[in-house]
Every structure is written in structure tokens, then in C-alpha cells.
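Per-entry structural report
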Amino acid sequence: MQESKTAVIALGSNLQNPAEQLRGALDALTAHPQIRVEKVSSFYVTEPVGYTDQPDFVNAVCVVSTTLSGMELLDTLNGIEADFGRERTFRNAPRTLDLDIIDYAGEISEHPRLILPHPRAHERSFVMRPLAEIAPDYSLGMHGTATELAEKLGNGGIRLLA
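Residues numbered from 1 in each chain as written. Predicted model: local features only at pLDDT ≥ 70, side-chain atom pairs only at ≥ 80, totals over all residues. Heavy atoms only, no water.

In the annotation of an unreviewed UniProt entry, the chain is listed under the name 2-amino-4-hydroxy-6-hydroxymethyldihydropteridine pyrophosphokinase and assigned to Neisseria arctica. Here is the UniProt Sequence similarities (unreviewed entry) comment for the chain, exactly as written: "Belongs to the HPPK family." (UniProt positions renumbered as here; feature names shortened; annotations may be inferred.)

Before going further, it helps to examine helix α1 (residues 18-31). Its 14 residues place the ends of α1 20 Å apart at the C-alpha level, agreeing with the 20 Å of an ideal helix rising 1.5 Å per residue. Three or more residues of α1 are buried, namely Pro18, Ala19, Gln21, Leu22, Gly24, Ala25, Leu26 and Leu29. (Helix = DSSP H or I, 4+ residues; strand = E, 2+ residues; numbered from the N terminus. Expected span 1.5 Å × (residues − 1). Buried < 20%, exposed > 50% of the residue type's maximum accessible area, 1.4 Å probe, protein only.)

Moving on to the environment of Ser69. Inspection of the secondary structure puts Ser69 in the loop between β4 (57-66) and α2 (70-83). By relative accessible area, Ser69 is classed as partly exposed at 24%. Separated by 56 residues in sequence, Ser69 and Ser13 have C-alpha atoms that sit 25 Å apart. In this structure Ser69 touches Gln2 and Tyr104, once residues within four positions along its chain are discounted. (Contact = heavy atoms within 4.5 Å.)

Across soluble globular proteins, nonpolar side chains show a tendency to be buried alongside one another. Judged by nonpolar contacts, the single largest core of 25 residues is most densely connected at Ile9, Leu11, Leu29, Leu73, Leu99 and Ile101. Taken together, the elements giving at least two residues each to this core come down to β1 (5-13), α1, β4, α2, β5 (98-104) and β7 (114-116). Ranked by residues supplied to this core, first place goes to α1 with 5 residues. Leu99 has contacts with Ile9, Ala10, Leu11, Ala25, Leu77, Ile80 and Glu81, leaving out every residue within four places of it along the chain. Of all hydrophobic cores here, the second largest spans 20 residues; its members include Val61, Val63, Ala135 and Ala146. (Core = buried A, V, L, I, M, F, W, Y, C linked by side-chain atoms within 4.5 Å.)

Here the focus is the layout of surface pockets. A probe matching the size of a water molecule, rolled over the atoms, marks out where space remains unfilled. The calculated volume of the largest pocket comes to roughly 820 Å³. Asp98, Asp100, His118, Arg120 and Arg124 are the residues nearest the centre of the largest pocket, which is lined by 39 residues in total. Elements with a contribution of two residues or more to the lining of the largest pocket: β1, β4, α2, β5, β7 and α3 (125-134). Top contributing element to the lining of the largest pocket by residue count: β5, with 5 residues. A breakdown of the residues in the lining of the largest pocket according to their chemical character gives 19 nonpolar, 8 polar and 12 charged. Within this model, the second largest pocket holds a volume of roughly 220 Å³. Across the lining of the second largest pocket, the residue classes tally to 7 nonpolar, 5 polar and 3 charged. (1 Å grid on protein atoms, 1.4 Å probe; cavity = no way out; pocket = protein on both sides within 12 Å on 5 of 7 lines; lining within 4 Å. Points joined across faces, edges and corners; volume = space filled by probe spheres on them. Nonpolar A, V, L, I, M, F, W, Y, C, P; charged D, E, K, R; others polar.)

In the numbering adopted here, UniProt assigns the feature "domain: 7,8-dihydro-6-hydroxymethylpterin-pyrophosphokinase" (unreviewed entry) to residues 91-102. Between the end C-alpha atoms of residues 91-102 the distance is 18 Å, and the span holds 0% helix and 42% strand.

The interhelical angle for the contact between α3 and helix α4 (residues 146-153), taken along N-to-C directions, is 135°, at an axis separation of 8 Å. By the angle between their directions, the pair α3 and α4 is classed as oblique. The chirality of how α3 crosses α4 is left-handed. Contacts between α3 and α4 pair Ser125, Met128, Arg129, Leu131 and Ala132 from the former with Ala146, Thr147, Leu149, Ala150, Glu151 and Leu153 from the latter. Split into classes, the residues belonging to the contact of α3 with α4 amount to 7 nonpolar, 2 polar and 2 charged. (Axes fitted to C-alpha atoms, helices over the stretch in contact; angles between N-to-C directions. Parallel < 35°, antiparallel > 145°, perpendicular 65-115°, else oblique. Left-handed = near helix turned anticlockwise from the far one by under 90°.)

What follows is the structure, encoded as C-alpha cells:
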């Protein structure tokens, strides 16, 4: 049996009751026999990035342990997104559910389907703020810890979900 590895997953939604979408995704992750959800951040409301003519997002981050490989985890997350009606129309489009692997056991990958660590996570307060909440010393390699990155990025455009 493969050794369990730690992964960080970012969750986001801005369609069809986003907080419920995130709760459903967390339930799907918890139900998977090869994934154990260790920590889940609070939910945050976030202004859209890139394409701004859309509703605000609800975002969160979870830390999991898994015996899945990075690619198997990606396939599992893509399957959950599809189950929740995710349609990939254009970059930064509104979505029912977005699940991104931010880090997988500190591994580095340049695979076209799975770049690790996530290439833009260290630039996104909606990833770093929730990660700093549940794993303040989590390191994203040369970029720094979640807390350092969250402080550098600030709270612009992100607030706790009431």
C-alpha cells in the first residue's frame, strides 16, 4: 500500500449556493476511502480575479492525507467537480466548484496537467489566508510559509463568510 502523503486543496465556488457547494465537496472528499480530511479553514468571501463580471466567490482550503498519487488525486478532484456540474468555458469563468491542488507532499511537478506547487497560489490571498488559518507554518517552497505569504498579500478583496 502506498504511503500516505499530505496535500493542500483549495476550494472555490460562485454559483448555485457556493457555501453549499464547498460543504458538498468536503463531504465527497471525506467519503473517499483514500483521502482523510485533516483540517478545513473557515469559508471566505472573495472578489473574483481575472474576469470580474461575475458573483463573488466563496473559498476555503483543506489539508488532507491521501494514499492517492498526485495525478490520481487530481483525477478525483476533477471527478468531484464534474459531479457538481463544473463546466470549463473560459479561464476564470464563474463555476459551481473549483478544486485545486496547491501542494502535494512538497513535490515539484511540471506535468502539463499538474504543476506543483500550484503556480499562482502564493499570489492569491484567497488561498493563503485560509491556509495560514489552519496551517500557519505550511511552507510553499521558496515562496515562504502560509503566514508570511498571507501577511504580504493582505486582506484586500477577502472577508470571512458571515
